[in-house]
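What follows is each chain in one-letter form.
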There are 4 protein chains.
Amino acid sequence: MRFFSDNAAAAHPKVMEAISAANRLDTAYDGDGWSKRLDGAFSDLFETQVRALWTTTGTAANCLALAALCPPYRAILCHRDAHIEVDEAGAPGFFTGGAKLVLLDGEGAKVTPGTVAAACDRIRSDVHQVQPAAISITNATEYGLVYRAAEVAALGDLARQRGLKLHMDGARFANALATTGEKSSDVTWRAGVDALSFGFVKNGGLNAECLVLFDTTLSGEIEVRRKQAGHLQSKGRFLAAQILALLENDLWLDNARAANAAARSLAEAAPARLVYPVEANEIFLRATPEEAASLRKQGFDFYDWGPDEIRLVTSWDQQGEAIGQFAAAIAAL
Amino acid sequence: MRFFSDNAAAAHPKVMEAISAANRLDTAYDGDGWSKRLDGAFSDLFETQVRALWTTTGTAANCLALAALCPPYRAILCHRDAHIEVDEAGAPGFFTGGAKLVLLDGEGAKVTPGTVAAACDRIRSDVHQVQPAAISITNATEYGLVYRAAEVAALGDLARQRGLKLHMDGARFANALATTGEKSSDVTWRAGVDALSFGFVKNGGLNAECLVLFDTTLSGEIEVRRKQAGHLQSKGRFLAAQILALLENDLWLDNARAANAAARSLAEAAPARLVYPVEANEIFLRATPEEAASLRKQGFDFYDWGPDEIRLVTSWDQQGEAIGQFAAAIAAL
Amino acid sequence: MRFFSDNAAAAHPKVMEAISAANRLDTAYDGDGWSKRLDGAFSDLFETQVRALWTTTGTAANCLALAALCPPYRAILCHRDAHIEVDEAGAPGFFTGGAKLVLLDGEGAKVTPGTVAAACDRIRSDVHQVQPAAISITNATEYGLVYRAAEVAALGDLARQRGLKLHMDGARFANALATTGEKSSDVTWRAGVDALSFGFVKNGGLNAECLVLFDTTLSGEIEVRRKQAGHLQSKGRFLAAQILALLENDLWLDNARAANAAARSLAEAAPARLVYPVEANEIFLRATPEEAASLRKQGFDFYDWGPDEIRLVTSWDQQGEAIGQFAAAIAAL
Amino acid sequence: MRFFSDNAAAAHPKVMEAISAANRLDTAYDGDGWSKRLDGAFSDLFETQVRALWTTTGTAANCLALAALCPPYRAILCHRDAHIEVDEAGAPGFFTGGAKLVLLDGEGAKVTPGTVAAACDRIRSDVHQVQPAAISITNATEYGLVYRAAEVAALGDLARQRGLKLHMDGARFANALATTGEKSSDVTWRAGVDALSFGFVKNGGLNAECLVLFDTTLSGEIEVRRKQAGHLQSKGRFLAAQILALLENDLWLDNARAANAAARSLAEAAPARLVYPVEANEIFLRATPEEAASLRKQGFDFYDWGPDEIRLVTSWDQQGEAIGQFAAAIAAL
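In short, a report on the structure. Just so you know, these numbers come straight off a predicted model, no measurement behind them. (Residues numbered from 1 in each chain as written. Chains lettered and ligands numbered in written order. Predicted model: local features only at pLDDT ≥ 70, side-chain atom pairs only at ≥ 80, totals over all residues. Heavy atoms only, no water.)

Attention now moves to the overall build of chain A. Summing up its helical and strand segments, chain A has 13 helices and 10 strands in all. The C-alpha radius of gyration of chain A comes to 20 Å, within 12% of the 20 Å expected for a compact globule of 333 residues. Taking the principal axes of its C-alpha atoms as reference, chain A extends roughly 55 × 55 × 30 Å. For chain A, the proportion of its 333 residues judged to be buried stands at 66%. In chain A, 75% of the contacts between residues at least 6 apart in sequence involve partners at least 24 apart. With the model as given, the accessible surface of chain A reaches about 10800 Å², and the carbon-plus-sulfur share is 50%. For chain A, the separation between the mean place of its 32 positive charges and that of its 41 negative charges on side chains is 4 Å. (Helix = DSSP H or I, 4+ residues; strand = E, 2+ residues; numbered from the N terminus. Rg over C-alpha atoms; globule rule 2.2 N^0.38 Å. Buried < 20%, exposed > 50% of the residue type's maximum accessible area, 1.4 Å probe, protein only. Contact = heavy atoms within 4.5 Å. Areas by Shrake-Rupley, 256 points an atom, 1.4 Å probe, with all protein chains shown as cover. Lys, Arg positive; Asp, Glu negative; His and termini not counted. Charge placed at Lys NZ, Arg CZ, Asp CG, Glu CD.)

What follows is the structure, given as structure tokens:
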């Protein structure tokens, strides 16, 4: 059984059905009936007027937003372990045309007002040093921690004071909300978030992500940038249909709850081994190479995460017996 | 009935089946079983060792190739009506970081050795003028004309003499080959093509295109650029599966033959109205605004293409009776 | 005697004196006493509040302005023979991060409201085609023609209507004004110009050009871009001092008048040979290769400009006897 | 007396003379007699065939080199306090089109094989993480420390093993060599350096720096990039003449020795206050705000460098009595 990442899991049957149902001629690009429903669907969910643009990768969603939030000669503040810094092949530099990432420290890949303020204060306000333009945070973080609405609001307040924009990489936004039970509006625009990369691929989607713009003045620019970056698919209805299927009846939340529950089961099997509290669907465990090898011999696959540490990620379709067996194997180490 | 573009048609049932069959956990990105079969499948088709990288749009395939073929301070020669110039929102400039398109004239969007050579000769060889690095041609062209292998080879020879790379935008490559009956190898690498954007979306695919690299030394760079541009999907198997389904039993050629046949039917209905010979699946007709309105009133939709001209595009699934009715309506104008 | 270009002439003695006078310790970059006087000096000249930033090349002045006036995904309208298109090695693409130049036709490299409007009208207003953001004109043009204030104002009006910014490449701005006798304010901001690259190097300067911003809201961004592009010299006083010396007592106008007068003398020697009216300091003459060779044999150097055409450029220090001899040689052809 | 930076000092009289001597018509750009002598002069100095290209700023020299050494999708390893990271407004990102700086720790802004190797080893070799392409070191460092030839050679060896290029920012290269007495060839190409930004502005120049390419295959690309970035001045002879004047009779070394001697005098006045050994012409001293204020009251100006630390920089023309007075003032604190 594979616990490498939720990004390779199967698509949910409802998503597959929606794709089939969309398989008829319609207007190209995002002029079709499905794509046109996105704004309304997300505006309902977020209780405010938003613009919602499909993309096919989180990297595209993140970096299209960042390019609109930060000019080529300014900087984006993010955690040292942020996906945009570590795992996107330098996409922020490419999309922005040279903007800089200023890296912040913080437990579990979390950004705090303190680290942001300190980083800003270290930058002399002149033309020689790159001035910050935006903050980007990941929720849930790369280490599976979750921002509460109040935490984001504190960052949002600081952003406003400092004249910075606020972006949220929500590759696992569903997992975060499934844990906190907070409203999606409270942890985003009410807390000062300007743009959210709302992830669906890791949560039952096939290849659709959604960039949700709370600052709707950005949408004109980002629509053009999406096209210019080769991300405007001609049969966009197949992307929109996936997203709508996941939004319907809160399937996205159900999927995330299932993945989170699986993660909790694994975490509870070995609480003393946890490197971070398990707040979403990622588990970081202390395990010697021998222990890791033993688990693999039993048929469980996952990534090593530095020496004596392993990372497990659960997905929406990993439930029941198999999780129980893995939990037992971990407990038995 | 809609004849706006083949890029909004339904996906072929075999493609849908293949997507369903791929809906199980596998390695992420392009490490899955389907993606790994692409190189072999295209190497067989082209009778030489190639690298084949899926993308989701033709713009991405085109511009990833161009970025590897042309540095930021040089130029790409292409037709004035080339898709990369006219309809990709400046993507070549963005992907290359500033390279220039030098525009060529030519009947039916066709590039010839003569126009290329003349354009090169107009450029002084110094640091003040932008020196050419590559030629990009579209086959079939934006006006539905087709390059024969010998025509491409003449361009390829010139490219070699002038130290230029040669890219082919094959958004309708299938339609071109369905017409000429030539071998795909003869019209590409044997004729000097370094990279081909092989289109599937307009020909029965859902959202998969393929960048085929005959110069396989480019593949390392392009794989990184694909990731950096946000085009490396995590569930790449769904793209590879589409492509493999279309390659199997030459479904791609069957689809293109069907679209071409539909186009020929329409063309034969009004040969005197043709602006260009119909060699693929696009028909450009002279028609007054009143005539266009009359066709629309009968339920046929299409684009106006300048004053007194309309463009019809047929697709793989437009056959039989409906085409006959449209042909009759055109003939009756 | 060399008539290749005014860009290689000697610097004026007053400029050399000013450089010497600036050779003492002062604050670095543009914090020195000379640099700080620029805004005031140009505000006086232009009868409005401007920001004036030195650069060392016209390419830098042009492209820093264009990068601030046009985002990476839009276009700049300019003449097909504009220096930014033909002789700056693709600098606009590099500085803007991929913006496109849309090329206009027009006699003597002149842009008119008609050609601008027609070009705009050809661009579909959607995300597939690159939307225009700015117009750039050169005054005097690359063929030595001069825009009158009314002509610029007509372009400025159109720019405003279409939501476009207006940039003037004034590499030979002095020569233009020396001819028209118009006020520098009338041909710039009063006519709708947002930014002017005010050339000094071709007119007695050593290596200082000046970017004059009438839209002073651009200055923050351009100051940062100037630094990021490596154009913020640490001993900026040496640049500012040159410019101030040329502004003092209208030396810039005197120099331009001298160059223009020399050009007129040459033009009057062979009025029938003129390709364009001589309105500044460039003369384009019809001359066979044999005639060109004959002039060269007599010691006069210049560029060929296509077959049977030569270009002569006069500079501020080419006066008197030598010009008379050259004029006689031309007349004697 | 001002000790802010050597970058605002006066130009050396020999430099001023050379500029005056160059004030006559010659071929434009770098086709003049002075510019053409640069390759030879530097080839003699470095005892190997080099290409030497003038620029007007160190930022331009650094970033033109880096753009040729590192593609847009790879990374440059440098010290966290490197000038390219801290004080060039993000120029490396702009010139390379998005390449990343990977930051290294190390005492006194020095890079070592250990920190380079460790940074490389942390980067997974895949398309998700940005792969390194080059190392950039500053000699003398931003804290006034000097690399010996053997230290550079150790970095050069590592670079070769790892497939990395090696760039040296030599804004104070002269000060470094004046201290070590080593040969300029030994600390550069013999140690594996591919490109050197050889600083003259801080060492008696007016506004000329020189990019010296030991890997001469880079020169074609960099000449074009220099033009595209607006750094090809039309009267290049004025830059070349400055550089030649400083090379003549080792004036560059004499100037550096003078600045270094002044720095040593100040350092010796308060050895216990030194934050770093003084190996070039920068002195970092521990001093309370009150002590700093006291020095300023006596007429000495300098930068604060964090709390309880000040930075003094001496220049080629700060000698004799004034230095003695400052040294006495420091000693008396």
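Now that the structure has been shown, the text picks up again.
This part covers the sheet that holds strand β4 (residues 131-138) of chain D. All names here are of chain D. Spatially, the seven strands line up as an open sheet ordered β1-β7-β6-β5-β4-β2-β3, and their pairing is mixed. With partners counted over all chains shown, the strands left at the sheet margins are β1 (51-55) and β3 (100-104), one partner each. Each adjacent strand pair in this sheet contributes to an overall mean axis angle of 25 degrees, direction not counted. With four bridges joining them, strand β2 (residues 74-79) and β4 adopt parallel strand pairing. If you follow Leu-77 over to β4, its bridge partner there is Ile-135. Taken strand by strand, helix α3 (residues 58-69) contacts β1, β2, β4, β5 (165-170), β6 (195-198) and β7 (209-213), and its axis lies near 180 degrees from that of β5. In this fold helix α9 (residues 219-228) packs onto β1 and β7, with an angle of close to 10 degrees to the strand it touches most, β1. (Pairing = 2+ DSSP bridges. Axes fitted to C-alpha atoms, helices over the stretch in contact; angles between N-to-C directions.)

The subject of this paragraph is the interface of chain D and chain A. The interface of chain D with chain A comprises 16 residues on the first partner and 16 residues on the second. Overall, the association of chain D and chain A removes approximately 1200 Å² of surface from exposure, summing both partners, and the carbon and sulfur fraction of that is 39%. Remark: the boundary between chain D and chain A carries four salt bridges. The partner of Lys-100 of chain D in a salt bridge is Glu-85 of chain A, with the nearest N and O atoms 3.0 Å apart. (Buried area = accessible area lost by both parts, 1.4 Å probe. Salt bridge = Lys/Arg side-chain N within 4 Å of Asp/Glu carboxyl O.)

Our next topic: the relation of the copies chain A and chain B. For the pair chain A and chain B, the relating rotation is 180 degrees, the translation along its axis is 0.0 Å, and the fit reaches an RMSD of 0.0 Å. Here the copies are linked by what is in effect a two-fold axis. In terms of C-alpha distance to the rotation axis, chain A has Ala-229 of chain A as its closest residue, with the C-alpha 3.6 Å off the axis. Most of the interface of chain A is mirrored in chain B: 100% of its interface residues are interface residues there too. (Least-squares fit on C-alpha atoms with pLDDT ≥ 70 in both.)

A few words on the pairing of strand β6 (residues 195-198) of chain B. All names here are of chain B. Residues Ala-195 and Ser-197 line one face of β6 and the alternating positions Leu-196 and Phe-198 line the opposite face, and both faces are buried. The sheet contact formed by strand β5 (residues 165-170) and β6 spans four bridges and is parallel. Within the sheet, the bridge partner assigned to Gly-170 lies in β6 and is Phe-198. As for the winding sense of the linkage, the β-α-β connection from β5 through helix α8 (residues 173-180) to β6 is right-handed. Where β6 and strand β7 (residues 209-213) come together, four bridges link them in antiparallel fashion. Bridged to Ala-195 within β7 is Leu-213. (Right-handed = clockwise from strand over helix to strand, strands pointing away.)

A few words on the pattern of salt bridges. Tallied over the entire structure, the rule returns 85 salt bridges over all chains. We note a salt bridge from Arg-80 of chain A to Asp-105 of chain A, for which the minimum N-O separation is 2.7 Å. One end of the pair, Arg-80 of chain A, is in the loop between β2 (74-79) and α4 (83-86); the other, Asp-105 of chain A, is in the loop between β3 (100-104) and α6 (113-122), and 25 residues separate them in sequence. Overall, Arg-80 of chain A belongs to the partly exposed group, its relative accessible area being 31%. According to the relative accessible area criterion, Asp-105 of chain A is partly exposed, its value standing at 48%. Of the charged contacts, one joins Arg-2 of chain C and Asp-26 of chain D as a salt bridge, the two residues approaching to 4.0 Å between their closest N and O atoms. Of this pair, Arg-2 of chain C sits in the segment before α1 (13-21) while Asp-26 of chain D sits in the loop between α1 (13-21) and α2 (33-46), on two different chains.

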